[in-house]
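Here are the chains, one letter per residue:
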Amino acid sequence: MSDSCHTTEKNTWILEIQQLKAAGKKIIALAGNPNVGKSTIFNYLTGLKQHTGNWPGKPSKVHTAPIISKKKLLFLLIFLVPIH
């Protein structure tokens with residue numbers, strides 16, 4: 001039995017990172033203080049509209065997106081929850 005409701009999600013993105021590292025692919029993580037532009041950079045590079053936060057009532061979720069050019073994976077972009 002799992003002691004966390006986020007175990008499956010966490011294991012999924014960790015597994016994805018491990019597979020990419022084993023294949024020699026680059027991984028870039030966006031991390032930092034709240035309100036410094038992480039969402040803006042992530043959304044600009046991916047074309048998505050992701051938002052994350054770490055206040056009560058807001059689910060903590062790690063977002064990932066492959067950055068691809070000419071059908072070749074350049075790197076995996078990881079958007080982490082804000083840190084204080």
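See the structure above.
Because the structure is predicted, anything quoted here is derived from the model rather than measured.

Colleague: Help me understand the nonpolar core, please; the structure alone is not making it clear to me.
Modeller: A general feature of soluble globular proteins is that nonpolar side chains tend to end up buried together. By size, the foremost hydrophobic cluster in this structure holds seven residues: Leu30, Phe42, Ala65, Ile67, Phe75, Leu77 and Phe79. Residue contributions to this core peak at three residues, all from strand S3 (residues 72-79). With sequence-adjacent residues up to four places away left out, Ala65 is seen in contact with Phe42, Thr46, Leu48, Phe75, Leu76 and Leu77. Within the second largest apolar cluster, six residues are counted, among which are Trp13, Ile17, Leu20 and Leu76.

Colleague: In this structure, what is going on with a nonpolar patch on the surface? I would like to understand it.
Modeller: A grouping of Ile41, Tyr44 and Leu45 is seen on the molecular surface, where their side chains present a nonpolar patch of about 350 Å² in accessible area. On the secondary structure map, Leu45 appears in helix H2 (residues 38-46).

Colleague: Would you explain the side chain of Lys38 in this entry?
Modeller: Mapped onto the elements, Lys38 comes out in helix H2. Among the polar contacts listed, one links the side chain of Lys38 to the backbone oxygen of Asn33, at a separation of 2.7 Å.

Cut-offs applied
Residues numbered from 1 in each chain as written. Predicted model: local features only at pLDDT ≥ 70, side-chain atom pairs only at ≥ 80, totals over all residues. Heavy atoms only, no water. Core = buried A, V, L, I, M, F, W, Y, C linked by side-chain atoms within 4.5 Å. Buried < 20%, exposed > 50% of the residue type's maximum accessible area, 1.4 Å probe, protein only. Helix = DSSP H or I, 4+ residues; strand = E, 2+ residues; numbered from the N terminus. Contact = heavy atoms within 4.5 Å. Patch = residues over 30% accessible without salt bridge, like charges linked within 9 Å, V, L, I, M, F, W, Y side chains within 5 Å. Areas by Shrake-Rupley, 256 points an atom, 1.4 Å probe, with all protein chains shown as cover. Salt bridge = Lys/Arg side-chain N within 4 Å of Asp/Glu carboxyl O. Polar contact = N/O pair within 3.5 Å; in protein donor to acceptor, adjacent residues only side chain to side chain.

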